[in-house]
Amino acid sequence: MTGTTTRTDTIRLWPARAYRDTFAPDAPAPVEGAELPPGWHGLYFLPDLGLDALRPDGTPARDGVVPGIDLPRRLFAGEEMTFHRPIRYGDTLDLTVSLDRMEDKHGRSGRLVFVTIAKTFGPVGDPAVTVRQHDVFLGPADPARPARPQPGPDGHAWEQPLDLGPIHLFRYSALTYNSHLIHYNDPWAREVEGQPGLLVHGPLTSMLLLDFAVRRSGGRTPAAYSMRAVAPVYLGAPVRLAGRPEPGGARLWVLDESGGVLVSADVRFSR
Ligand SMILES: C/C(=C\C(=O)SCCNC(=O)CCNC(=O)[C@H](O)C(C)(C)COP(=O)(O)OP(=O)(O)OC[C@H]1O[C@@H](n2cnc3c(N)ncnc32)[C@H](O)[C@@H]1OP(=O)(O)O)C(=O)O
């Protein structure tokens, strides 16, 4: 069954504190009333599904929004965020979630069903943040046809290695109550999903890229952000965050060892 779900949560200090301790030690320490850093809303409104509502891969089978899709694999494909006003620690907000669209495509990996999920954080008429999240459902894995990185950008000004280990992935799965096996069960990732190793969570890469852009641009405030997961970021692979300023914003990438694009993103600043 699909429809709209609404939940309420309070922006408590602990999830942001735990995320900062693990991934963003340079971010300001969370204090009541201060602004939640842009993009960190994903640490709240955690799913509350029982085991009987999960697919064999640990992703939701029934969340009241996305219909059951008869394809065995699911990946995060990207997202677009619009920041309307700050969220502050201590705020109590609603999250409204609905299915925006579904699209059947065909790619190198075979049949792809893209779903776009619309999320509104805050009152629907006066939201703080709106998000369009894209997930993709795929058929059985064909390890002979892996997703390909895109050609690298023609230059970047900022660069930083992205060194993530299994503890980072464990902590992000725990912080977001994400039970998807591709992030922590190596035999599942290899033998069932045909991947060469564990996958870094797309929403984590997205948060890290947005934090990177804000930091490198001297603390500017994002108005809009979009990212696309082009090819997986694998645990232990030598990858780097990269970016360059553009008028009013910045372009961002996660690059592999050869400079190919695994993730691309754009941010537009309001101030
Ligand atoms: C959280 C969470 C799960 C995760 O975090 S999973 C880890 C993060 N996500 C990924 O690693 C996904 C990385 N991307 C891929 O592996 C590939 O892009 C994908 C989705 C397998 C598609 O690759 P293909 O090679 O099969 O696709 P093509 O390049 O041939 O393109 C076919 C058409 O699809 C469109 N398309 C491809 N990728 C995307 C994308 N990321 N977003 C939107 N659209 C995409 C492409 O434009 C083509 O469309 P046309 O209209 O031109 O046909 C958790 O579970 O909770």
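Residues numbered from 1 in each chain as written. Predicted model: local features only at pLDDT ≥ 70, side-chain atom pairs only at ≥ 80, totals over all residues. Heavy atoms only, no water.

The protein chain has the name 3-methylfumaryl-CoA hydratase in an unreviewed UniProt entry, where Thermocatellispora tengchongensis is given as its organism.

The next subject is the nonpolar core. With 64 residues, the main nonpolar core has Tyr 19, Trp 40, Tyr 225 and Leu 252 as its most contacted residues. It is helix 4 (residues 202-216) that contributes the most residues to this core, eight residues altogether. When near neighbours in sequence (up to four residues on either side) are disregarded, Tyr 19 contacts Ala 24, Trp 40, Leu 43, Tyr 172, Leu 175, Leu 204, Met 207, Leu 208 and Asp 211. Formed by nine residues, the second largest nonpolar core is a distinct cluster that contains Leu 75, Ala 77, Leu 112 and Trp 188. (Core = buried A, V, L, I, M, F, W, Y, C linked by side-chain atoms within 4.5 Å. Buried < 20%, exposed > 50% of the residue type's maximum accessible area, 1.4 Å probe, protein only. Helix = DSSP H or I, 4+ residues; strand = E, 2+ residues; numbered from the N terminus. Contact = heavy atoms within 4.5 Å.)

Let's shift gears to the side chain of His 201. Locating His 201 in the fold gives a position in the loop between helix 3 (186-192) and helix 4. Dropping the residues within four chain positions of it, His 201 is found in contact with Leu 169, Tyr 172, Ser 173, Asn 178 and His 183.

The next point concerns the site of the ligand. Taken together, 28 residues surround the ligand, and among them Phe 76, Lys 105, Ser 109, His 180 and Gly 202 come closest. Contact between the ligand and Arg 108: an oxygen atom at 3.0 Å from a main-chain N or O atom of the residue. Between the ligand and the protein, one listed contact pairs an oxygen atom with a backbone N or O atom of Gly 202 at 2.7 Å. Surface burial for the ligand is 75%, taken as the share of its 1,100 Å² of free accessible area covered by protein chains. Looking at the shell around the ligand, the elements with two or more residues in it are strand 2 (73-83), strand 3 (92-107), strand 4 (110-121), strand 5 (129-138), helix 4 and strand 7 (222-229). Tallied by class, the residues present in the shell around the ligand amount to 16 nonpolar, nine polar and three charged. (Near = heavy atom within 4 Å. Polar contact = N/O pair within 3.5 Å; in protein donor to acceptor, adjacent residues only side chain to side chain. Areas by Shrake-Rupley, 256 points an atom, 1.4 Å probe, with all protein chains shown as cover. Nonpolar A, V, L, I, M, F, W, Y, C, P; charged D, E, K, R; others polar.)

With that out of the way, let us pick up the sheet that holds strand 5. Strand pairing within a sheet occurs via backbone hydrogen bonds; the two strands may be parallel or antiparallel. Across the sheet, 10 strands lie side by side as 1-3-4-5-2-7-10-9-8-6; this open sheet has antiparallel pairing. The open sheet is flanked by strand 1 (4-10) and strand 6 (158-162), the only strands paired with a single partner. Across this sheet, the average inter-strand angle for adjacent strands is 20 degrees, counted without regard to direction. Relative to strand 8 (residues 239-246), strand 6 runs antiparallel, the two sharing five bridges. (Pairing = 2+ DSSP bridges. Axes fitted to C-alpha atoms, helices over the stretch in contact; angles between N-to-C directions.)

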